[in-house]
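Chains, contacts and geometry: an overview
What follows is the residue order along each chain.
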Amino acid sequence: MSATVNRLFDNDWVGPALVCLIAIAGISWLQPSFLSSFNIFVLLSAIAVNMVVALGQLVIIALGQMNLALGAFGGLVAISFVAIMELYGVPPMAAVAIGLAIGTAAGAATGFVIARTGISAFIITLAALQIFKGINLGITEAQPFYGVPQVVKDFGNLAVIGPIPWLVVPMVIVSVGMWYLLNRLRIGRYILAVGGNPTAAELSGINVTGTTIWAFAISGGLAAIAGMMLVARLQIGQPTIGDDWLISSFAAPVIGGAVLAGGHVSVAGTFFGVVIIAIITQALVLFAIDPFVVQIVLGALILWAVGINRFREIRVARHNEAR
Amino acid sequence: MTDTTTSPDIDARDELMPARRRSSRLLRLLLSNEFGLAVMIAIAFTAFATTLPGFTSPFSLFTIGRQIGIDTMIGLAMMAVIVTGGLDLSVGAIGVCAAMVFGWLAQSMGVPLALAVPAAILFGGLLGFINGYAVVRSGVHSFIITLASMSIFFGVMIFLSKAQSFNALPPEVTSLGKMRIFGKVSLLLVITLVVCVALSAFYRFTTLGRQMLATGANARAAELSGIRTGRIITACHMLAGALAALAGLMLTARTGAAVPSMAGHLGQDWLLPAFLAPVLGGTLLSGGRVSVAGTLLGAAFVTIMTSGLLLMRVGEFWILACLGLILLLAVLTDRLRQKMLRARGLI
């Protein structure tokens, strides 16, 4: 029995999933309106966007790096997406394709610089953050674009069925795709191998430069998708989109058991990490607690998750020693 | 003790090849970050001074000097942690928190400035201690610890202050921010220069400073030679916290008020100046090498470029993109320089 339980807890997602269940049960007991269909709709919309953001960081964490420019990519794509529809009358589907291309290209360019120079991703993505944010604000002069077509607004506003918003659809596709990529596709395995041990990966014939560029291109593409989803949800092309992604994009994968040194991540765990953050944010609103407390809670959550991961690492290490 | 634990001594290697000694020393000076920066500053300054009327007016020089003072202090705070090969994302949050504590003490509690200023700097050191303690005890990289702590520090500060600024500070605060020495030089710049000299001496001559460099260069070797690396890393974070607090106070003196949003959301606006100045100045991100003078020159270069571009009516937002490009070019040049030095066998 205890062996089964132990083995179950070796899965990254079980702990966060349990926390989710307990939190949902507790909050809905205290505040029944938490499970109202409207509230679930709002909650799912937030989860959908944040999950795509988190996956954009997850793929870089898998590589053992970090991407500070994620929000800047998302913001630039979001305003370009609205701008080309409003100013040039580009049809929404074409605009989505262009937005995706901009995000992927920005990511690939950043990845190229990191891979070719070997300078730490931190400093290069910090520079990229300023460059892309500067371009964003230079184009918009910090003013939002309002000309979002009705079909895009509907996508962010309407439900597929019951309380499930349309925004969940891209999230599911992206999540399944990311799981498939990391577990079944060659490039995904390469990313994890480079994250686990770059030297060993290089020696076994993996093209580290190419893998890094791929990972950053994927990250940029995901940031683009999240930015466009946020446009649909907010109904407006805000230049500030992406400004607050930094903390939560790291918090969710870390809560989901990702090892920051790279090589080990969990898509399912990240999902429950996103859900935990969304529930806490919502609960603070429901109980009319100061919204600034969210910042404190997010920071504490990261520390807590890092502590748990550390504890599990030590346990695994002991277990291996005993064998 | 200190002699055995210093980072690899370049002069000792020079003794082995006396023939190349003099020329290589000159070449190394010419290829150093500090020299390159000084040249770039001279070019930028001359170009702006000759083309832009008003760039060299006493008031313009005063504001440029004041900005250099503040940006250098922010850069030094980050440098103090980069020494160990770590980083501190929370410098902005610490700076704002310390400034708010100062505002609360000076305005609401009526504490005299002579007490409130050291108290705020100590408070910054305390927040730095929390960072350092968490990093050392958990063994987790400082990136993630300080990412969490910047969120926590800033959140607690906003929660306690209810996002209200302290704008009825004693009048001395504003007059300190406006004070000029010799008619052009800001007092804030003078404070920064004093701190620069003190820090240079600290890293060069004191045991603690040398131990910080040794820990950053090779933590394991330092540990084996008897340095308690955990304590040293904590001390680095405390120093960073105290310097960030000082930067926050200087910003308060310039604004004349302690404002919760003075470093942007979560203090993120400080991140770019914090990394730009040390990286331009040649501080190694992997740790073990600092350049206080380089950080000062780096901040000076960035400030002169920003002021000049602003006077040329380049949009404020495009300057942000320019600064990002400068950071990128700086690290690329640094790579190239190291490659050249290595090819000539100078390092």
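The model shown is predicted, which means the values in this text are computed figures rather than measured ones. (Residues numbered from 1 in each chain as written. Chains lettered and ligands numbered in written order. Predicted model: local features only at pLDDT ≥ 70, side-chain atom pairs only at ≥ 80, totals over all residues.)

What about the confidence of the model for chain A?
Across chain A, the average pLDDT comes to 89, with 97% of residues at 70 or higher. The weakest mean pLDDT in chain A belongs to helix H1 (residues 2-9) of chain A at 68; the strongest belongs to helix H11 (residues 208-234) of chain A at 96. (pLDDT = per-residue confidence, 0-100. Helix = DSSP H or I, 4+ residues; strand = E, 2+ residues; numbered from the N terminus.)

Observations regarding the environment of Leu-122 of chain B
With respect to the helices, strands and loops of the structure, Leu-122 of chain B is situated in helix H7 (residues 113-138). A sequence separation of 170 residues divides Leu-122 of chain B from Val-292 of chain B, and the C-alpha atoms of the two residues are 22 Å apart.

Describing the interface of chain A and chain B
Where the parts come together, the accessible area they lose is often given as the size of the interface. Taken together, the contacts link 36 residues of chain A with 34 residues of chain B. Counting residues per element, the ones that place at least two in the side of chain A that touches chain B are helix H6 (121-140), helix H12 (245-255) and helix H14 (293-322) of chain A. Counting residues per element, the side of chain A that touches chain B draws most heavily on H6 of chain A, which supplies twelve residues. Taken together, the residues of the side of chain A that touches chain B break down into 22 nonpolar, eight polar and six charged. (Contact = placed C-beta atoms within 7 Å. Nonpolar A, V, L, I, M, F, W, Y, C, P; charged D, E, K, R; others polar.)

A few points about the confidence of the model for chain B
All names here are of chain B. This prediction gives chain B a mean pLDDT of 85; 92% of its residues lie at or above 70. Ignoring residues within four places in sequence, the model shows residues 1-17, a span with pLDDT below 50, making 16 contacts including any to other chains. Both scores are given for the predicted complex: the pTM is 0.86, the ipTM 0.81.

A few points about the packing of helix H3 (residues 37-62) of chain A against helix H13 (residues 267-286) of chain A
Residue and element names in this part refer to chain A. As a packed pair, H3 and H13 sit with axes 9 Å apart at the nearest point and diverge in direction by 135°. Taken together, the axes of H3 and H13 are oblique relative to one another. Crossing of H3 against H13: the hand is right-handed. Facing Leu-43, Ala-46, Ile-47, Asn-50, Met-51, Ala-54, Leu-55 and Leu-58 of H3, the residues of H13 in contact are Thr-270, Phe-271, Gly-273, Val-274, Val-275, Ile-277, Ala-278 and Gln-282. For the contact of H3 with H13, the per-class residue count stands at twelve nonpolar, four polar and no charged. (Axes fitted to C-alpha atoms, helices over the stretch in contact; angles between N-to-C directions. Parallel < 35°, antiparallel > 145°, perpendicular 65-115°, else oblique. Left-handed = near helix turned anticlockwise from the far one by under 90°.)

What about the environment of His-141 of chain B?
Residues and elements named next belong to chain B. Within the secondary structure, His-141 is located in the loop between H7 and helix H8 (142-161). C-beta crowding within 10 Å serves as the criterion here: with 17 such atoms nearby, His-141 is assigned to the partly exposed category. Between the alpha carbons of His-141 and Gly-86 there is a distance of 7.3 Å; along the sequence they are 55 residues apart. (Buried ≥ 20, exposed ≤ 12 C-beta atoms within 10 Å, placed from the backbone.)

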